[in-house]
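These are the residues of each chain, in order.
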Amino acid sequence: MADLLYTELLKLKRSKMFLVSILGSAAVPFMCFIGFLNKRGKSPDVPIQFSEVFSETNMYIVLLIGVLLYGVIASYLFNREYIENTLKSLLTIPVSKVSFMLSKFIMLLIWIMTLTIVSWGLTLMLGLVGDFEGLNSTVLAESLKQFVIGGGLLFLVVTPAIFITLVSKNYVPGIVFNTVITMVNVMMITSEYRALYPWAGVWVIVNNMVVPEYPVEYTYISIFTTFIIGFIATMIYFRKEDI
């Protein structure tokens, strides 16, 4: 397992996809920073709080960019060997299919959390450059916790896209799936049913937007059910697939 994970890290080091993903994760902090500067220009007497900046940046990551970006990363990571036609050679080493897939999932989690920390750090840096107010240890700790929880939960709900990518052996269906999910996210966020929709449910948990009709336990159940179904389907399909 350790060797497989190390191999994944080496492949990632040589890939341009990691740099592209870093740029993608930096997009939201920059856009929010520009938006808050515009807000300051219109209302110069109203201070911009770090807590507001962190919260709004994380909202766009969780509801929009994160779903798309992490879905693309997952599709790339799990489909790379098919595209490069190296899977047959790799499995003759021999390598356990289960260990191979688990190393992919661990690598995906590491990748997502790395991008999460990059987004949080860049938001902090831009906030310091913009001379925003209200920065203290409590705001730092709470914002980092929310970013990390958001990244971890988005990792859980990306498994259906992984399964679709494996079955289709192509990036496009997974990307289309995540695009549709993102569009539905936008529609669901103002609905009470957001608590039952796994992808919007991530923001419900992160921002504590509990819907009275649906306890937060329902949201956790929907997220973990999505993860389990996608994970099991992926593992079963890959184990039974004739490479």
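Our structure's up above, just so we're on the same page.
Residues numbered from 1 in each chain as written. Predicted model: local features only at pLDDT ≥ 70, side-chain atom pairs only at ≥ 80, totals over all residues. Heavy atoms only, no water.

**So, the overall build of the protein chain**
Argument step 1. A tally of regular secondary structure across the protein chain gives ten helices and zero strands.
Argument step 2. When the elements of the protein chain are put in sequence order from the N terminus, they spell out α-α-α-α-α-α-α-α-α-α.
Argument step 3. Buried residues in the protein chain amount to 47% of all 243 residues.
Argument step 4. The long-range fraction of contacts in the protein chain, counting pairs at least 24 apart against all pairs at least 6 apart in sequence, stands at 79%.
Argument step 5. When the accessible area of the protein chain is evaluated, it comes to approximately 12,000 Å², of which 69% is carbon and sulfur surface. (Helix = DSSP H or I, 4+ residues; strand = E, 2+ residues; numbered from the N terminus. Buried < 20%, exposed > 50% of the residue type's maximum accessible area, 1.4 Å probe, protein only. Contact = heavy atoms within 4.5 Å. Areas by Shrake-Rupley, 256 points an atom, 1.4 Å probe, with all protein chains shown as cover.)

**So, the pattern of salt bridges**
Argument step 1. Per the stated rule, a full pass over the model turns up two salt bridges.
Argument step 2. A salt bridge links Lys-39 to Glu-52; the shortest N-O distance between them is 2.9 Å. Of the two residues, Lys-39 sits in helix 2 (residues 17-42) while Glu-52 sits in helix 3 (residues 50-84), which places them 13 residues apart along the sequence.
Argument step 3. Of the residues examined, Lys-39 reaches a relative accessible area of 39% and is grouped as partly exposed. (Salt bridge = Lys/Arg side-chain N within 4 Å of Asp/Glu carboxyl O.)

**Some details on unusual backbone geometry**
Argument step 1. Phi at Asp-131 takes a positive value of approximately 60°, unusual for a residue other than glycine.
Argument step 2. Relative to the helices and strands, Asp-131 resides in the loop between helix 5 (97-129) and helix 6 (137-156).
Argument step 3. We classify Asp-131 as exposed; its relative accessible area is 58%.
Argument step 4. For Asn-208, which is not glycine, the phi torsion reads 55° and is therefore positive.
Argument step 5. Examined against the element boundaries, Asn-208 turns out to sit in the loop between helix 9 (198-206) and helix 10 (216-240).
Argument step 6. For Asn-208, a relative accessible area of 60% translates into the label exposed.

**A look at the nonpolar core**
Argument step 1. In this structure, Tyr-70, Ile-73, Phe-78, Met-101 and Leu-108 are the most contacted members of the largest nonpolar core, which totals 58 residues.
Argument step 2. Elements with a minimum of two residues in this core: helix 2, helix 3, helix 5, helix 6, helix 7 (159-168), helix 8 (171-188), helix 9 and helix 10.
Argument step 3. With 14 residues, the top contributor of residues to this core is helix 3. (Core = buried A, V, L, I, M, F, W, Y, C linked by side-chain atoms within 4.5 Å.)

**Here's the deal with helix 8**
Argument step 1. In this model helix 8 runs 26 Å from its N-terminal to its C-terminal C-alpha over 18 residues, within 8% of the 26 Å that 1.5 Å per residue would give.
Argument step 2. Along helix 8, the residues that are buried comprise Gly-174, Asn-178, Ile-181, Thr-182, Asn-185 and Met-188. One side of helix 8 holds all its buried residues, which, seen down the axis, span an arc of 125°. Facing away from the buried side of helix 8 by over 90 degrees, the exposed positions are Met-183, Val-186 and Met-187.
Argument step 3. Two or three places before Val-172, at the opening of helix 8, Asn-170 has a side-chain oxygen 2.8 Å from that residue's backbone nitrogen. (Expected span 1.5 Å × (residues − 1). Arc of directions from axis to C-beta. Polar contact = N/O pair within 3.5 Å; in protein donor to acceptor, adjacent residues only side chain to side chain.)

**Let's talk about the packing of helix 2 against helix 5**
Argument step 1. At a minimum axis distance of 9 Å, the contact between helix 2 and helix 5 shows a crossing angle of 35°. Judged by the twist between their axes, the crossing of helix 2 over helix 5 is right-handed. Of the residues in helix 5, those in contact with Met-17, Phe-18, Ser-21, Ile-22, Ser-25, Ala-26, Pro-29, Phe-30 and Phe-33 of helix 2 are Trp-111, Thr-114, Leu-115, Val-118, Ser-119, Leu-122, Thr-123, Leu-126 and Val-129.
Argument step 2. Classifying every residue of the contact of helix 2 with helix 5 gives 13 nonpolar, five polar and no charged. (Axes fitted to C-alpha atoms, helices over the stretch in contact; angles between N-to-C directions. Left-handed = near helix turned anticlockwise from the far one by under 90°. Nonpolar A, V, L, I, M, F, W, Y, C, P; charged D, E, K, R; others polar.)

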